[in-house]
Amino acid sequence: MPKINGNEIRPGNVLEHNGGLWAAVKVDHVKPGKGGAFAQVEMRNLRNGSKLNERFRSADKVERVRLEQKDQQFLYESDGMLVFMDSETYEQIELPADLLGDRRPFLQDGMTIVVEFYESEALNATVPQKVTCKIVETEPVVKGQTAANSFKPAILDNGVKVMVPPFVGQDEMIVVNTETMEYSERA
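Since we're looking at a predicted model, the values are computed, not measured. (Residues numbered from 1 in each chain as written. Predicted model: local features only at pLDDT ≥ 70, side-chain atom pairs only at ≥ 80, totals over all residues. Heavy atoms only, no water.)

Novice: How should I be thinking about the layout of surface pockets in this particular structure?
Specialist: To find leftover empty space, a probe the size of one water molecule is rolled over the atoms. Here the largest pocket is characterised by a volume of approximately 340 Å³. As for the largest pocket, its lining consists of 16 residues, of which Arg103, Ala125, Thr126, Val127 and Glu179 are closest to the centre. For the lining of the largest pocket, the secondary structure elements donating two or more residues are strand 10 (112–118) and strand 11 (121–126). In terms of residue class, the lining of the largest pocket is made up of 7 nonpolar, 6 polar and 3 charged. Reported here for the second largest pocket is a volume of approximately 170 Å³. Lining the second largest pocket, in full, are Pro11, Gly12, Val14, Ala23, Ala24, Val25, Arg44, Leu46, Leu67, Glu116 and Asn124. Ranked by the residues each element gives to the lining of the second largest pocket, the list is headed by strand 3 (residues 20–30), at 3 residues. Taken together, the residues of the lining of the second largest pocket break down into 7 nonpolar, 2 polar and 2 charged. (1 Å grid on protein atoms, 1.4 Å probe; cavity = no way out; pocket = protein on both sides within 12 Å on 5 of 7 lines; lining within 4 Å. Points joined across faces, edges and corners; volume = space filled by probe spheres on them. Helix = DSSP H or I, 4+ residues; strand = E, 2+ residues; numbered from the N terminus. Nonpolar A, V, L, I, M, F, W, Y, C, P; charged D, E, K, R; others polar.)

This is how it looks when you write it as structure tokens:
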């Protein structure tokens, strides 16, 4: 595995540190008036989700881990476990539902997501950035309401609440950005 200097750590990098696998969440480069510069790194453990703040000097060497990304198709959920199938080998794997966090409602039957593996252990799962959903409840369209940035609340078919523009009505399909949990466009 490649070793990188402490000042080369970027958010999203996966590091092997203190015997665990950690994802860099936030990196601040600090140059104090006295002493050498260092990187203040906030890390999240990929196995148990715990957080850690660590300082790395530029002379420190850190193991950078490359995760293998595979497309997996979502089949079903049972007892809090999500069952996925590899589209190439048809192998099935189970992942805990809380791995997706607040993006879990956007997972739809048959959806292809990206699962990151370290050796043969599945560590992380990502839903597509844009997902099409149906609005099940929102206020009716009001004619003449043309304020530039007025939004109204809407409830989607998966139970998630998002703010939508006033021209979008009930039973319409919209595209939602799963990273920001916001309305993106009409489908």
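Novice: Looking at this structure, how should I read the nonpolar core?
Specialist: In this structure, Phe84, Leu107, Ile113, Leu156, Val164 and Ile174 are the most contacted members of the largest nonpolar core, which totals 27 residues. Of all the secondary structure elements, the ones that give two or more residues to this core are strand 8 (81–86), strand 9 (92–96), strand 10, strand 12 (130–138), strand 13 (152–156), strand 14 (161–164) and strand 15 (173–177). Each of domain 2 (68–126) and domain 3 (130–186) gives at least three residues to this core. Setting aside residues up to four positions removed in sequence, Ile113 forms contacts with Lys70, Asp71, Gln72, Phe84, Leu107, Ala125, Thr126, Val127 and Pro128. With 11 residues, the next largest nonpolar core counts Leu15, Val41, Met43 and Val62 among its residues. (Core = buried A, V, L, I, M, F, W, Y, C linked by side-chain atoms within 4.5 Å. Buried < 20%, exposed > 50% of the residue type's maximum accessible area, 1.4 Å probe, protein only. Domains from an automatic or database assignment. Contact = heavy atoms within 4.5 Å.)

Novice: What's the story with the pairing of strand 8 in this structure? I'm lost.
Specialist: Both faces of the sheet carry side chains from a regular strand, because those side chains alternate between them. With respect to burial, strand 8 is a largely interior element, 5 of its 6 residues being buried. Judged from the 5 bridges that link them, strand 8 and strand 9 form a sheet pairing that is antiparallel. Looking at the pairing, Met85 lines up with Gln92 of strand 9. Linkage of strand 8 to strand 9, two consecutive antiparallel strands, is achieved through a turn of 5 residues, within which Tyr90 is found at a positive phi near 60°. (Pairing = 2+ DSSP bridges.)

Novice: It is not clear to me how the sheet that holds strand 5 (residues 51–57) should be interpreted in this structure. Could you clarify?
Specialist: Through backbone hydrogen bonds, the strands of a sheet pair up, either in parallel or in antiparallel fashion. Spatial ordering of the open sheet is given by 1-6-2-3-4-5, a layout of 6 strands whose pairing is antiparallel. Only two strands of the sheet have a single partner each, and these edge strands are strand 1 (3–5) and strand 5. Recorded for the sheet is a direction-independent mean angle of 50° between the axes of neighbouring strands. With 4 bridges connecting them, strand 2 (residues 14–17) and strand 3 associate as antiparallel partners. Residue pairing for strand 3: His17 is matched across the bridge by Gly20. (Axes fitted to C-alpha atoms, helices over the stretch in contact; angles between N-to-C directions.)

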